[in-house]
Amino acid sequence: MRFFAVLAVFFLSGVSGLIYQVIWVRVFGNVFGNTIHSAALVTAVFLLGLGAGAYVIGRWSDKKFSKNPLAPLRLYAWSEFLIGALGLMLTFGLPELTGLSAAFSSYEVDASGWHELSWGSHLFRYFLGIVLLAPASFLMGGTLTLLIRFLVARDLSAVGLRIGLLYGVNTLGAAVGCFLTDFSLVPWMGIGNTQLTAVGLNWVAGLGALAVYLHLRRLGHSPAGAIQNQEAIAKAPLSKGARRITRLASIALFLTGFGAMGMEMVWFRHLISEMGAYRQVFSLLLTVILAGICLGASLGGTLQRRLGHSAQMFMVVQCVFVCSTLLLLTIVDGKQDPSWLLTDQGVPAFTEPFSRRLREVLGQLSLILPTIGLPAIMMGFSFPLANALAQRSTTSVGGRAGTLYLWNTFGNVLGSLAAGFVLLPILGYQISTSIFVMCAAFTIIPLQALATQEVKESGPGAKTSKRTLVGCLLFSFAALGAFGLLPGDYLLEKSFVNTYRSPDSRVVRLHESMTGTLMVTVEEGTHWLHTDGHPMSSTNFYGQRYMRAFSHFPLILADSPRRVLVICFGVGTTLHAASLHKSLDQLEVADLSRAILEHAVYFRANNQGVLKDPRVKVYVNDGRHHLLMQPEHSYDLITLEPPPISLAGVSSLYTKEFYELVKSRLGPGGYITQWLPFYQLDGDATLSVVRAFIDVFPDSVLLNGTSRDMILMGRKDGGITFDIDKVESYLADNPAVQRDLDAIKLGTLTELAGSFAASSETLEKATRAVAATTDDRPAMEYSVHSKLRATYLEKGLFDTRAAASWCPTCFSPDRKNGDLAHLSAFLDIMQTIYDSEVFRSPRGNFDDRGRLPFDRGDPAAEAALASSPYLTWLIGTIKRTRATPSRSRE
C-alpha cells in the first residue's frame, strides 16, 4: 500500500508541476514580452532546475537514507510544502515585475538601422528568471530522486520497474495538469486561481507523504529488500566498471534528451502550421507527448523486469523512435481533415458547446496521435532503462538517478535551444529533423558498450547483442537515408496544406525563422502573407480597406498629430496609410517577427517601401513590452494590426490591463484603434473584448472597416466627434490621403460617416452583463479552439440609429440635402445588414428570395446603393461568402 500511496502523491506533484510551467511561460510573456526569448528562458530554467535538483538532492538523499530509511519520504513532504510556498509567492509576485522589466530594458541599433533589445536586457531577464524560478524547479527535481531513493531502498532487483512506474505516474500527472490548465482551469477560474490550485496540490501531496511517513514510523517499517546485514551492504564497494556504466548511460540519456526535445520543437512547428496556433492545439500536443512518455516509462520498467537485457532493449527502442519519427512525419497527411465533423457546406455540423468541443478534440487528435504517438511512447522508455543499467549499488541510488536525470534534462535544454535559435531558423525543420533523429540513433554506440558489459556479467548473449546492434544501425540509417531523398521543402510545404489558400495560388517564398514558418503566395495578382499556416494579411481590397482605416480615421480627426505607433507590421498597409499624413514627424512600428519585416519587399506595391521612410523607426520587439519601455504621453495614435485574435498569445493585446497601458502612453486627445473581427470569436468573447476596451475608453465608437472586420476607436480625453467640416477641409489639404480613401471605397463623406456602427452607449448596453477580458482571464483564447469553428454574435452590438452622436452636423438640413443626401439610407442599409443572420454568423441564411432583407424597391435605398461602390461590393461579397468566413485574416 505504501507504494501506491507514494504514487498517488507523486501524481499530484506532476499535475502541479506542469500547471506551474504552463502558467509561468504565459506570465513571463506578459511581463517581458511574448518573445521566443521569454519562452526559452522559462523552459531552460525550469528544466535545468529539475536536473540540478535531482542531482544535488539525490546525492543528499543517499546520505539521509543511510541513517534513516524513512528520511527521504519526510524530506519529500517538506519539499512539496516549500514548492507550494514558492509557487504562492510567484503567483502574486510575477505580475508586479512589469515596471522592473521596463526599467532594465533598452534597445540597440543593428546594421539595418532597426532597434532590437540589447544583450544586457536579455541577460537581466535570464538573471531574474533564474532567481525567481530556479528554487522551485530545483525542489521539483529533487522530489523525483527523493522518492526513487525511498522506493528502491535496498532492493535493486526491481529498480527499473519501480523507477519506471514512479516516473510514469508523475508524467501522467503532468499530462493531466497540462490538459486541465487550458481546457478547464484557466477558462473557469483564471490564471491566478489556477496557480493557487497548483499550490494547493503541492500542499495536499506534502500532507499525504507526511501521513504515509508517520504511519510507517509508527509501524517501525523496514524498507523492501532490507536484510539483516544492512551495514555491510551499505559499505560494500562498487562493482567493477560501475562508474563507466553510469557515464555511458548518461551519454545515452543526453543524446536521447537532445534528440527528443528537438523533435518536440519540430512537431510543434509542423502540427501548428497544419492545425493552427490555438491554445487548445498547444495543450493537446504537449498532453499527448507527456501521456506517451508515461506509457513508455511504465512499459519500459515492466518489460525490463520480465525480459532483462536493458541495453539491447534501449537500442531497439531508439531504433523504433528513429524509424517511426521519420516515417510518420512523411506519410501522415494533413489533408486528411476529419470531414466527418463537417456538413456539406463545410460548416461544423454541431452546435452544442460540449459536442463541438469533443469533436474538435477528436478531430485534432486524429492528426496528432498518428504523427507523434508512437515516438512519444519510445521517449518514455529511456529513463527507467538507463537506471536499470546504472544502478549497481544500494548506497548511491539517489545520486545515480540524479546524475542520469541531470544529463537527460541537460540534453533537453540544449535540444530546445538548438532547435529554436539555430537549426530551425537556419537549416529548416526537414534538415533539423534529420539532425535530431541522427543524435537519437547515435545512442546506439554507448548502448552497445553497455550491452557488451551486460553480456560479460550475465553470461551468453554476445551474438544476440551484435545482431541487435547491426539491425538497429541498418534500420536507423536506412530510414535516415530514405528521408534524405525527399525534396528539400517537402515537410514545409506539407505543413501548409490546411491553410486558407486557393489551390490556384502560387508560392513565391517559403521561409523559416525563430518565430515560425512564413509563406508568401500570389493569387490573381493578390499577395498573401501566411505564418504558421494562417493567412495573416494580404494586398486584396478586403484587407486593405480596414487596415488603412485604422490610420485614416483617427489621424483625420486628431489635432495636428505628430507621433504614431503601429503594433504588428503585417504587410505594411496600416503603416503606409499613416505615412500619407503630412503632420507626422515620427512613425514607429513594433513587431515580434524580424522575418515579417524583412519580407516587406514582397508587398512593396502595397506599402511603397514605407520602412525606408526616414520618419519610420522599427522596433523588433513585443508591442506591449515596447509600450512599457516608453514614457507616458508619447503618442498621438496607437493602432494595432495583430494576428488572428483567437490564436495563443494575441489576447495580451486585448486585455483591460493592456488598454490601461495604452491610455497612459497616449498624449492629450490621443487615439487608439483596435481590430475587432467578431467572426473569429464566439459572441460572449467578442463582447468581453469590447467590455475591456470601453472600461478604459468609455467614449468609444465602433466602426465598420470591411464587412465583418470592425474597428474599435477610443480617445484618451473626451468623446469622439466626426466633424464633417473639419474632415472636408483636411482631405482638401491632403490629396494623398483622399486618393488612398478613394482606392478603398471610403472616399466620400457618406462612406466615411456611414462607417459608424455603434455609439459608446450601445457598446455599454450590449456588454453590461459580460466580464472584461483581462490578463488573468483571457476569454478570447478559449473562445475558438480549432479551424473547425462556428461562431455566432447576437443582435445588440450594432446600432446606426445613434449616428447623430458621432456626427451631429451630418444631419443638418444643408448636409441632408447636399453631399450627405444618401447618408440616412446608407446607415439604414448597414443596420439591416448588421441585424441579418448572414452577417452575424457564417451559418446565417438569406431570406426566401436569396437576398438580404431590405426593400430593394425603396428609391432612397436604391439611390444609396447606386452612389456607394462599397455597399454594392459588400452585399455581393456577403452573398458569395455566406458559408465561408473571410480569408483576410482567418
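Residues numbered from 1 in each chain as written. Predicted model: local features only at pLDDT ≥ 70, side-chain atom pairs only at ≥ 80, totals over all residues. Heavy atoms only, no water.

Overview of the overall build of the protein chain
What counts here: The helix and strand labels rest on DSSP assignments: H or I over at least four residues marks a helix, E over at least two residues marks a strand, and numbering proceeds from the N terminus. Note on classification: 1.4 Å probe, protein chains only; a residue is buried when its accessible area is under 20% of the maximum for its type, exposed when over 50%, partly exposed between these limits. Residue contacts are counted whenever heavy atoms from the two residues lie within 4.5 Å of one another. Note on areas: these come from Shrake-Rupley sampling with a 1.4 Å probe, and a residue is covered only by the protein chains present in the view.
Assigned secondary structure in the protein chain consists of 32 helices and 14 strands. Evaluated residue by residue, the protein chain yields a buried proportion of 62% over its 890 residues. Put simply, 80% of the contacts in the protein chain that link residues at least 6 apart link residues at least 24 apart. Carbon and sulfur atoms form 60% of the exposed surface of the protein chain, whose accessible area is close to 32,500 Å².

Observations concerning the sheet that holds strand S7 (residues 563-567)
Where we set the bar: Paired strands, in this sense, are two strands between which DSSP finds at least two bridges. Fitted lines through C-alpha atoms serve as axes, helices being fitted only where they are in contact, and the angles separating the N-to-C directions of these axes extend from 0 to 180 degrees.
Pairing is mixed across the open sheet formed by 10 strands, whose spatial order is S1-S2-S9-S8-S7-S10-S11-S13-S12-S14. Of all the strands in the sheet, just strand S1 (107-109) and strand S14 (756-758) have a single pairing partner and so form its edges. Recorded for the sheet is a direction-independent mean angle of 25° between the axes of neighbouring strands. Here five bridges tie strand S8 (residues 586-591) to strand S9 (residues 616-620), and the two strands are oriented parallel to one another. If you follow leucine 587 over to S9, its bridge partner there is valine 616. Contacts from helix H16 (residues 541-557) reach S7, strand S10 (635-640), strand S11 (666-677), strand S12 (701-706) and strand S13 (709-715), with the element oriented near 15° to S13. Along the sheet, helix H29 (residues 823-835) makes contact with S12, S13 and S14, crossing S14 at roughly 45°.

Quick word on the side chain of arginine 691
With respect to the helices, strands and loops of the structure, arginine 691 is situated in helix H22 (residues 683-696). For arginine 691, a relative accessible area of 11% translates into the label buried. In this view, arginine 691 contacts Glu764, Thr767, Arg768, Val770, Ala771 and Ala772; residues no more than four positions away in its chain are not counted.

Observations concerning the state of the cysteines
Just so we agree on the cut-off: Here, the term disulfide refers to a pair of cysteine sulfur atoms separated by no more than 2.5 Å.
This model, assessed by the stated rule, comprises one disulfide. Across a sulfur-sulfur distance of 1.7 Å, cysteine 807 and cysteine 810 are joined as a disulfide pair. One disulfide, between cysteine 807 and cysteine 810, carries an S-S torsion of 75° and so falls in the right-handed class.

What to know about the pairing of S12
Of all six residues in S12, six are buried, a share of seventy percent or more. Bridge count for S12 against S13 is five bridges, and the pairing is antiparallel. When the sheet's bridge partners are listed, valine 701 is paired in S13 with methionine 713. Pairing of S12 with S14, which is carried by two bridges, proceeds in the antiparallel orientation. Paired with leucine 702 across the two strands is alanine 758, which belongs to S14.

Topic: the environment of alanine 863
Among the secondary structure elements, alanine 863 is positioned in helix H31 (residues 859-867). With relative accessibility at 26%, the residue alanine 863 sits in the partly exposed group. A C-alpha to C-alpha distance of 9.5 Å links alanine 863 and alanine 821, two positions 42 residues apart in sequence.

What to know about the nonpolar core
Generally speaking, nonpolar side chains in soluble globular proteins are found buried as a group. Selection rule: As used in this record, nonpolar core signifies buried Ala, Val, Leu, Ile, Met, Phe, Trp, Tyr and Cys residues forming a set joined through side-chain atoms within 4.5 Å.
Counting 267 residues, the largest nonpolar core has Trp24, Leu611, Tyr659, Leu702, Phe722, Phe798 and Trp806 as the members making the most contacts within it. By residue number, the principal contributor to this core is helix H6 (residues 159-219), which donates 18 residues. With sequence-adjacent residues up to four places away left out, leucine 611 is seen in contact with Trp114, Phe569, Leu575, Val589, Leu597, Ala600, Val616 and Val618.

Quick word on the pairing of strand S5 (residues 526-531)
S5 sits mainly inside the fold: five of its six residues count as buried. Two elements, strand S4 (residues 516-523) and S5, share six bridges in a ladder whose sense is antiparallel. Bridge pairing in S5 links threonine 521 to tryptophan 528. Between the end of S4 and the start of S5, which pair antiparallel, lie two residues, with glutamate 524 showing a positive phi angle near 50°. Direction of pairing for S5 relative to strand S6 (residues 534-538): antiparallel, over a ladder of four bridges. Bridged to histidine 530 within S6 is proline 535. Between S5 and the antiparallel strand that follows it, S6, lie two residues; aspartate 532 among them carries a positive phi value of about 50°.

What about the packing of aromatic side chains?
The cut-off we apply is this: In this analysis, rings of Phe, Tyr and Trp, with Trp reduced to its six-membered ring, are considered paired at centre separations within 6.5 Å, and the interplanar angle assigns stacked below 30 degrees, edge-to-face beyond 60, and tilted for intermediate values.
Throughout the structure, instances matching the rule amount to 34 aromatic pairs. Their ring planes at 75° and their centres at 6.0 Å tell us that tryptophan 407 and phenylalanine 410 sit as a pair that is edge-to-face. One end of the pair, tryptophan 407, and the other, phenylalanine 410, are both in helix H12 (residues 397-442), three residues apart, so they sit about a helical turn from each other. Relative to phenylalanine 697, the ring of phenylalanine 693 has its centre 5.4 Å away and its plane inclined at 35°; by these criteria the two rings are tilted. Of the aromatic side chains, those joined through ring pairs into one cluster are Phe541, Tyr542, Tyr546, Phe550, Trp675, Tyr870 and Trp873.

Digging into the packing of H16 against helix H24 (residues 735-743)
Counted only if it meets this: Each helix crossing is assigned a hand: it is left-handed if the near helix lies turned anticlockwise from the far helix by less than a right angle, otherwise right-handed if that turn is clockwise. Charged means Asp, Glu, Lys or Arg here, nonpolar means Ala, Val, Leu, Ile, Met, Phe, Trp, Tyr, Cys or Pro, and polar covers whatever is left, Gly included.
Between H16 and H24, the least distance of the axes is 10 Å, while the angle of their chain directions is 145°. The handedness of the crossing between H16 and H24 is left-handed. Residues Phe541, Arg548, His552 and Ile556 of H16 pack against Val737, Asp740, Leu741 and Ala743 of H24. Here the residues of the contact of H16 with H24 sort into five nonpolar, one polar and two charged.

Things to note about H24
Note the following rule: For this quantity, the arc is that covered by the directions from the helix axis to the C-beta atoms.
Residues of H24 that are buried include every one of Val737, Asp740 and Leu741, and no others. Within H24, the buried residues cover an arc of 100° as seen down the axis, which keeps them to one side. Facing away from the buried side of H24 by more than 90 degrees, the exposed set consists of Arg739 and Ala743. Check the buried side of H24 and you find it contacts H16, helix H17 (573-579), helix H23 (724-733) and helix H25 (749-753). Phi turns positive one or two residues past the end of H24, at lysine 745, with a value near 60°.

Here's the deal with H22
The α-helix winds at 3.6 residues per turn, so residues separated by three or four positions along the chain end up facing the same way. Rule in force here: The span expected for a helix works out to 1.5 Å for each residue beyond the first.
Taking 1.5 Å of rise per residue, 14 residues should cover 20 Å, and H22 covers 21 Å from first to last C-alpha, within 8% of that figure. The buried fraction of H22 amounts to 12 of the 14 residues, a majority that puts the element mostly inside the structure. Tucked inside the fold, the buried residues of H22 contact helix H21 (656-665), S11, S13 and helix H26 (760-766).

Description of the pattern of salt bridges
Counted only if it meets this: A carboxyl oxygen of Asp or Glu within 4 Å of a side-chain nitrogen of Lys or Arg is what we treat as a salt bridge.
One pass over the structure, following the stated rule, counts 19 salt bridges. The salt bridge partner of aspartate 585 is arginine 562, with a shortest N-O separation of 3.9 Å. Linking aspartate 585 in the loop between H17 and S8 with arginine 562 in the loop between H16 and S7, this pair joins segments that are 23 residues apart in sequence. With its nearest N and O atoms 3.7 Å apart, the salt bridge here joins arginine 768 to glutamate 764.

Comments concerning the sheet that holds S6
If you trace the four strands from one edge of the open sheet to the other, you get S3-S4-S5-S6, paired in antiparallel fashion. Of all the strands in the sheet, the pair left with one neighbour each is strand S3 (506-513) and S6. Geometrically, the sheet is characterised by an average inter-axis angle of 25° between neighbouring strands, direction not taken into account. Most of the contacts of H12 go to S3, to which it runs at about 125°, and overall it touches S3 and S4.

A word on a nonpolar patch on the surface
Stated formally: Patch membership requires more than 30% relative accessible area and the absence of a salt bridge. Residues of like charge join within 9 Å; the nonpolar side chains Val, Leu, Ile, Met, Phe, Trp and Tyr join within 5 Å.
A surface patch of nonpolar side chains, about 410 Å² in accessible area, is lined by Met438, Phe442, Ile445, Leu473 and Phe477. Of all the secondary structure elements, the ones that give two or more residues to the nonpolar patch are H12 and helix H14 (462-484). Note on placement: methionine 438 falls in helix H12.

Observations regarding the environment of isoleucine 163
By secondary structure assignment, the location of isoleucine 163 is in helix H6. The class of isoleucine 163 is buried, set by a relative accessible area of 1%. Separated by 220 residues in sequence, isoleucine 163 and phenylalanine 383 place their C-alpha atoms 8.1 Å apart. Discounting chain neighbours no more than four positions away, the residues touching isoleucine 163 are Ile148, Val152, Phe383, Pro384, Asn387 and Gln391.

As for the confidence of the model for the protein chain
How we decide: Values of pLDDT, the confidence the predictor places in each residue, fall between 0 and 100.
Summarising the model, the protein chain shows a mean pLDDT of 86, and 89% of its residues fall at 70 or more. Predicted confidence is poor over residues 336-351, with pLDDT under 50, and the contacts of this stretch with residues over four places away or in other chains come to 29 contacts. Here residues 882-890 is modelled with pLDDT under 50, and outside its nearest four sequence neighbours on either side it reaches 47 contacts, counting other chains as well.

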